[in-house]
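Chain by chain, the residues run as shown.
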Amino acid sequence: MTENKLKVSILGAGYVGCVSAGCLVKDGFEVVAVDPDKYKINAILAGKSPIYEPGLDALIKSGAEEGMLTATDDFKKAVMETDISFCCTGTPSQEDGSLNTGYVRLVSEQIGGAIREKEGRHIVVMRSTILPGTVEKEVIPALEKASGKKVGSDIGLAYYPEFLREGTAIADYYEPGAIVFGQFEDDHVSIEALKSLCGQIDVTPHVIPIRSAEIVKYTNNCWHAVKISFSNEIGNLCKTAGIDSHVVMDVLCADTRLNISKAYMKPGFAYGGSCLPKDLRALRHFGKVNNVATPVLDAAVEANDYQLDRAFRLVNRGGARNVGIFGLTFKPDTDDLRESPMVLLAERLMSKGHKLSIYDPNVSAIDDGGRNFLPHLAGFIKNSAEEVTSEADTIVIGIKNDQIRDAVKNTRDGTNIVDLVRMPIEPQQGVQYEGLVW
Ligand SMILES: NC(=O)c1ccc[n+]([C@@H]2O[C@H](COP(=O)([O-])OP(=O)(O)OC[C@H]3O[C@@H](n4cnc5c(N)ncnc54)[C@H](O)[C@@H]3O)[C@@H](O)[C@H]2O)c1
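Each value, and the rule that gives it
Residues numbered from 1 in each chain as written. Predicted model: local features only at pLDDT ≥ 70, side-chain atom pairs only at ≥ 80, totals over all residues. Near = placed C-beta within 6 Å. Helix = DSSP H or I, 4+ residues; strand = E, 2+ residues; numbered from the N terminus. Nonpolar A, V, L, I, M, F, W, Y, C, P; charged D, E, K, R; others polar. Expected span 1.5 Å × (residues − 1). Bend = angle between axes of the 7 residues up to and from the residue. Buried ≥ 20, exposed ≤ 12 C-beta atoms within 10 Å, placed from the backbone. Contact = placed C-beta atoms within 7 Å. Axes fitted to C-alpha atoms, helices over the stretch in contact; angles between N-to-C directions. Parallel < 35°, antiparallel > 145°, perpendicular 65-115°, else oblique. Left-handed = near helix turned anticlockwise from the far one by under 90°. Pairing = 2+ DSSP bridges.

1. Some thoughts on the site of the ligand
So, point 1. Taken together, 26 residues lie near the ligand, and Gly12, Gly14, Thr91, Ser128 and Thr129 sit nearest.
So, point 2. Those elements giving two or more residues to the shell around the ligand turn out to be helix H1 (15-26) and helix H5 (102-115).
So, point 3. No other element matches the 4 residues that H5 contributes to the shell around the ligand.
So, point 4. Classifying every residue of the shell around the ligand by side-chain character gives 12 nonpolar, 9 polar and 5 charged.

2. Examining helix H6 (residues 134-147)
So, point 1. Given a rise of 1.5 Å per residue, 14 residues ought to cover 20 Å, and the 18 Å separating the end C-alpha atoms of H6 matches this to within 8%.
So, point 2. At Ile140, H6 is bent by approximately 25°, the largest bend along its length, and proline Pro141 sits one to four residues beyond.
So, point 3. Burial in H6 covers these residues: Thr134, Val135, Val139, Ile140, Ala142, Leu143 and Ser147.
So, point 4. Buried residues belonging to H6 abut H5, strand E5 (122-126), strand E6 (155-159) and helix H9 (210-240).
So, point 5. Just downstream of H6, Gly148 is the residue with a positive phi angle, here 70°.

3. What about the packing of helix H12 (residues 295-316) against helix H13 (residues 341-351)?
So, point 1. Where H12 meets H13, the axes come as close as 10 Å, and the angle between the chain directions of the two elements is 45°. Between H12 and H13, the angle is such that the two are oblique. Here H12 runs over H13; the crossing is right-handed. Facing Leu308, Ala311, Phe312, Val315 and Asn316 of H12, the residues of H13 in contact are Pro341, Leu344, Leu345, Arg348 and Leu349.

4. So, the sheet that holds strand E2 (residues 30-34)
So, point 1. The strand order across the open sheet formed by 8 strands is E3-E2-E1-E4-E5-E6-E7-E8, and the pairing between neighbours is mixed. At either margin of the open sheet sits one strand with a lone partner, and together these are strand E3 (69-72) and strand E8 (206-209). Strand-to-strand twist of the sheet, defined as the mean angle between neighbouring strand axes without regard to direction, takes the value 25°.
So, point 2. Of the pairings in the sheet, the one linking E6 to strand E7 (residues 180-183) comprises 2 bridges and is antiparallel in character. Across the sheet, Ala158 pairs through a bridge with Gln183, a residue of E7.

So this is what it looks like as structure tokens:
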């Protein structure tokens, strides 16, 4: 197996398989396309793309003419004669919405059966869209059972999710927004093989664990769906008010600091404060009086309530305790307590009988006439972080700063820490740590 000379078998000559085949032969790799569908095999053998995709016919034609691309339904022969196999079969929805992994499993069994007799290490690369855990629970057992070999040592394995968009698939192949390689344990060899296949693409791949790669594909597509539905919802609201929605969305997109950026894109606790909850309420109400449904905005509110609920359940499990809370405002470096989800969490814990001690550097127990005073919580507010850590057996971290980080480093043995902000700490022995979304 020499670099740039890998021979590739592609199982599943549909949209993903044919685009991969066309681009790989263009880049100088020998490819065998495998499919049970005779129409697809014959089309490829005749130098035609079995699917319509701009530019693909030309790639398949030259690949077939130069003898770099062939097609067959003999999966065993194809696998035996190649170094690396891509699984590009479909993963359609079943009636209940669950994922049909039947074709992926079948292909894994077929590859496994084919390499039973093969000498040397064959590499298997999943390209189909599959839910987290599919490689571990379905692909690996199928491969190992059918081959009698061990994945990792005898069989290379990786997941390389496909992000192409039909209609611009070839351009997307050479200029992808991202390349993701899911690595199986310490199988660097399979990742290096993938890197050599993608050597023509000027994008550094993200090499991440297989399970993460599996969910990244869904995260991307669901994000695109949410973006489209959000834009459409804004469009509906704008139209009813006689506003040009494209101008509005152009302005939204022009802000690359807060809008089209990494801002607000790290999982964590609920939003709050004096603006987001109020403004969502107002725009949803505006929709209601104008007979425009706002399901995306409604879902944002529901999702926020759910996040608060999850945090509450994490702290509340195991019954009433001495709960120490770090942070009461909705974000660091403000004293504004309006609609802070930390306040809502504290109130809910209080109502369930937890004894609270609270520290927030910007919130005082004394009514100074400012906004940052809540009489019903004032009795629980402490003057120092240490007072909280000395009293609490459960600590909720709702604010990220150095002072709080240092304080939670010195918690007592047996303390439970519930982290809502991903504080950079190494919990000491005897302390139970749990993050809200990590
Ligand atoms: N189409 C897209 O735009 C796109 C983009 C990214 C990811 N994906 C994902 O990639 C996967 C494939 O999608 P697609 O659109 O290319 O599907 P597709 O239905 O076009 O192609 C799948 C092919 O697999 C073949 N096949 C079935 N069983 C086989 C077997 N045992 N051995 C060999 N071939 C077999 C089918 O005959 C078919 O030609 C899916 O998981 C999909 O979600 C698709």
